[in-house]
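# Structure at a glance
Now for the letters of each chain:
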Amino acid sequence: MTGNEFVYTTYVKTTPDRLWEALTDPAFTRRYWGVAFETDWKPGSAVTWHEEGATTSDPEQVVLEAEPGRRLAYTWHTFTREWARSTGVDEETRARLLREPRSTVAFELEPVGGTVRLTVVHVGGEMLLGMSRHGWPHVLSGLKTLLETGAPLPTT
């Protein structure tokens, strides 16, 4: 990891196709992440986020790469006032996030035996990555648990 990227790798007992579905199907992502994505997952297509009662869309929120079962990358969402209110982020923090360059996230899927190695690389500014270092392990643990057990992680 460098100062401007967060890298996390986990192994999930599933198939690349099933993991791809878990990363792209809005009904699935809502179960472990609380986010539903609205897009066709084609490079260049817009990505609208539906999260915590907020909808976030922006022309710069786009799919960067999409190779089903192998790699998915997109730009991170815009930090709107609606998003901040719904997630409990104060205006000072939101303003600092807006001053950072737009971040990107990439998911790399690689079959390894009866599992899939999932590597997440989130590149962005210092404040967002500081927040993401706490969020990504929970999101990815929820994804892994849901795929392997059929049940989401309990909420705290």
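All of these numbers come straight from a predicted model, not from anything done at the bench.

## Concerning unusual backbone geometry
The phi torsion at Trp41 lies on the positive side, around 60 degrees, for a residue other than glycine. Relative to the helices and strands, Trp41 resides in the loop between β2 (35–38) and β3 (48–51). By relative accessible area, Trp41 is classed as buried at 11%.

## What to know about the side chain of Thr10
You can see Thr10 is positioned in strand β1 (residues 5–12). Given a relative accessible area of 12%, Thr10 falls into the buried group. Dropping the residues within four chain positions of it, Thr10 is found in contact with Val116, Arg117, Leu118 and Lys144.

## Remarks on the nonpolar core
Inside soluble globular proteins, nonpolar side chains tend to come together where they are buried. Trp33, Tyr74, Trp76, Phe107, Leu118, Trp136 and Leu143 are the most contacted members of the largest nonpolar core, which has 39 residues in total. Element by element, the count of residues in this core is highest for helix α5 (residues 126–149), at 9 residues. Leaving out residues up to four positions away in the same chain, Leu143 has contacts with Leu19, Ala22, Leu23, Tyr32 and Leu118.

## Regarding the sheet that holds strand β4 (residues 54–56)
Here 3 strands make up an open sheet; going across it, the order is β2-β3-β4 and the pairing antiparallel. Looking at strand neighbours, the two that pair on one side only are β2 and β4, the edges of this open sheet. Within this sheet the neighbouring strands show an average axis-to-axis angle of 20 degrees, counted without direction. Looking at chain direction, β3 and β4 are connected through 3 bridges and run antiparallel. Across the sheet, residue His50 finds its bridge partner in β4, namely Thr55. Set on the sheet, helix α2 (residues 26–33) makes contact with β2 and β3; between it and β2 the angle comes to about 155 degrees.

## Considering the environment of Trp136
Considering the arrangement of structural elements, one finds Trp136 in helix α5. A relative accessible area of 3% places Trp136 in the buried class. Placed 16 residues apart in sequence, Trp136 and Val120 show a C-alpha to C-alpha distance of 8.6 Å. Apart from residues lying up to four places away in sequence, Trp136 is in contact with Phe6, Trp33, Trp76, Val105, Phe107, Val120 and His122.

Definitions and limits used
Going along each chain's sequence as written, the residues are numbered from 1 onward. Confidence filtering applies because this is a predicted model: local features only for residues at pLDDT of at least 70, side-chain atom pairs given and counted only at 80 or more, and all residues used for totals across whole chains, interfaces and linings. Side-chain calculation: all heavy atoms of the structure are included, whereas hydrogens and water are not. The helix count covers DSSP runs of H or I at least four residues long, the strand count covers runs of E at least two residues long, and both are numbered beginning at the N terminus. To sort residues, take the accessible area from a 1.4 Å probe on protein chains only and compare it with the maximum for the residue type: under 20% means buried, over 50% means exposed, and anything in between is partly exposed. We call two residues in contact when some of their heavy atoms are within 4.5 Å. Buried Ala, Val, Leu, Ile, Met, Phe, Trp, Tyr and Cys residues that are joined via side-chain atoms within 4.5 Å together make up what is termed a nonpolar core. At least two DSSP bridges between two strands are required for those strands to pair. Here the axes come from fitting lines to C-alpha atoms, over the contacting stretch only for helices, and the angles between their N-to-C directions go from 0 to 180 degrees.

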